[in-house]
Amino acid sequence: MVQMFNKKRRKMKTKSFLSVALLATALCMSLVACSDENDAPEVSAVAYVWGTEGSVKTCDHLLFTPDGKEDAHGNVIGNGDKEFIFKGKQTLKRGTYLLRGWIYVAEGSELTIEPGTVIKGEKESAASLIIEPGAKIFAQGTAAQPIVFTSAQAKGSRRPGDWGGLILCGRALNNKGVLGQQIEGGPRTKHGGNDAADNSGILSYVRVEFAGYPFQKDKEINAVTFGSVGSGTQVNHLQVSYSNDDSFEWFGGNVNCRYLVAFNGWDDEFDTDNGYSGKVQYALSIRDPRIADTSQSNGFESDNDADGSLTQPFTSAVFSNVTFVGPMGMGGFENTPDYINGGSMFPQNGSALGKFQAAMQIRRSSRLACFNSVAMGYPIGLIIDAEKGGTQEYAKAGNLKLRNILFAGMEITGSDANKRYSDDLYDAAKKTGIDPSQASFSSSFFKAQPGNRVFSQIADLRLTGSNGDFPAIFPLADSPLLGAARFEDELLSSGFDKVSYVGAFSGTANWLEGWTEFDPQHADY
């Protein structure tokens, strides 16, 4: 009896299962054609809500098919128009996507990107992602699964300027007023406000490669641009490689950043303007000696504004624990057009090459401060440029602080003017020499500051870690970088780790491990 009951129960279960399966199949076929995992994805039936702002289309979804059709499971960001405005909240699941056109994430909108996601910028449309004031991006990767923005070109064919770049804009203060400045590079977005704690989201464990498309001659989008981004925004573990303009540029705002890498950029590495007043700790800059911009490439370039005006808030960013490796960091360098030819990375896109200049160029009324850092292998160590504004006067008054900084392997310690490779006293405003027998103001100022030292050779820094084209950046046990840091200055009283070493690295820990890539040309994406 028990066996017969079990047989009947199994038959009943089978019939019930078949009925449910048939019903589910019919329902699936009535809604959308089912496909197995090897079939191309079907166009989504999700409703997209459209609108316009001027002549630009808006939509509450970001994803499309390659031919511009709505598809919530598509792998193209943007509908194919030159400009596209996203108004909604969306998460990009881990995967590989093509970024097409200038994509604006509008006020009130949020874009979340899962760890391990790769976004390839389309060259033909100068693809760029622009986070507008009041919008947020949550790009929070991990050391094992960083988020990568890179070129859509094939491995071996990637070049600087293959796509536009990543732009974050907010409502923090700048010295051009509320929404008083249009972001550099061509997009429509204006930025600025009165909220120092403004939050534009999170960038963490993110790489940005081969950005900086030149939309006009000698006018490019930076790889990563911050416009009036506030301190509520989290930025850490962010690497830029092979930018066609500046690697990082801040226009106003006070966002704090940690663990930045600028690798083989075209123009300046860390460019601060228009009242940027954030704190940056742990940053690495490495230069390709064959790539320099026509405007002269620097590690720091810092202005209060283009005219050197006394408009407040002043550019007063505070950097600590930065390592700059200039073009002479690997030896064999010549600061000439024959040598600086772009090498295998020359993009053939109209970008003009030039010369390398200084590890630090501070000018036009900037009050930037830098502590506990090391710079090596630049033609010039420091330029405090007095052509416009009062930067040299601020230095004399103690409003420009450069302390506990080590220079090594520079051709000259200082110069007093842009594009002037001579360490003598010079009036940049009048463009005349003052006294060729005296050292430049920049050189004398640097040497007089507490904790600053000048070494004739890079080898004197006692560094290790060189590998092929990668320079030595990690201090050995007897390196003068170890134990040399100081954090007594009031500008360092909060927001900084009080570490004992100068430069970006201790002798034991390596925060580059896992998430960085120093050969993106040949990376598999």
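What you are looking at is a predicted structure, and each value in this text was computed from that prediction instead of being measured. (Residues numbered from 1 in each chain as written. Predicted model: local features only at pLDDT ≥ 70, side-chain atom pairs only at ≥ 80, totals over all residues. Heavy atoms only, no water.)

Regarding the packing of aromatic side chains
A complete count under the given rule lists 30 aromatic pairs for this structure. Geometrically, the ring pair formed by Phe270 and Phe300 is edge-to-face, given 6.4 Å between the ring centres and 65° between the ring planes. Of this pair, Phe270 sits in strand β24 (residues 270-273) while Phe300 is found in strand β26 (residues 300-302), placing the two residues 30 residues apart along the sequence. Exposure class is identical for Phe270 and Phe300. Each is buried. Judged by centre distance (4.9 Å) and plane angle (70°), the ring pair of Phe470 and Phe518 falls under edge-to-face. Here Phe470, found in the loop between β36 (463-464) and β37 (474-475), pairs with Phe518, found in the segment after β37; they are 48 residues apart in sequence, far enough to count as distant. Taking the relative accessible area as the measure of exposure, Phe518 reaches 23% and is therefore partly exposed. Each member of the aromatic cluster is reached from another via a ring pair, and the members are Phe226, Phe248, Trp250, Phe270, Tyr276, Phe300, Phe319 and Phe324. A cation over an aromatic ring shows up here: Arg188 above the ring of Tyr104, its NZ or CZ 4.8 Å from the ring centre. Looking at Arg367, its charged tip hangs above the ring of Phe314, at a distance of 4.0 Å from the centre. (Phe/Tyr/Trp six-rings, centres within 6.5 Å; stacked < 30°, edge-to-face > 60°. Helix = DSSP H or I, 4+ residues; strand = E, 2+ residues; numbered from the N terminus. Buried < 20%, exposed > 50% of the residue type's maximum accessible area, 1.4 Å probe, protein only. Lys NZ or Arg CZ within 6 Å of the ring centre and 35° of its normal.)

Structural notes on the side chain of Gln361
Relative to the assigned elements, Gln361 resides in strand β28 (residues 358-363). Overall, the relative accessible area of 0% leaves Gln361 in the buried class. At 3.1 Å, the side chain of Gln361 forms a polar contact with the side chain of Asn298. A polar side-chain atom of Gln361 sits 3.0 Å from a polar atom in the side chain of Asn418. (Polar contact = N/O pair within 3.5 Å; in protein donor to acceptor, adjacent residues only side chain to side chain.)

Brief notes about the pattern of salt bridges
Opposite charge on two side chains allows them to pair when their charged atoms are near. Evaluated as defined, the whole model comprises 22 salt bridges. Measuring nitrogen to oxygen at the nearest pair gives 2.5 Å for the salt bridge that ties Arg363 to Asp303. In this pair, Arg363 is assigned in strand β28 and Asp303 in the loop between β26 and β27 (318-325), connecting sequence segments 60 residues apart. Members of the salt-bridge network, linked through shared partners, are Glu53, Lys87, Glu132 and Arg188. (Salt bridge = Lys/Arg side-chain N within 4 Å of Asp/Glu carboxyl O.)

From the geometry alone we can't say anything about function, so treat these as descriptive.
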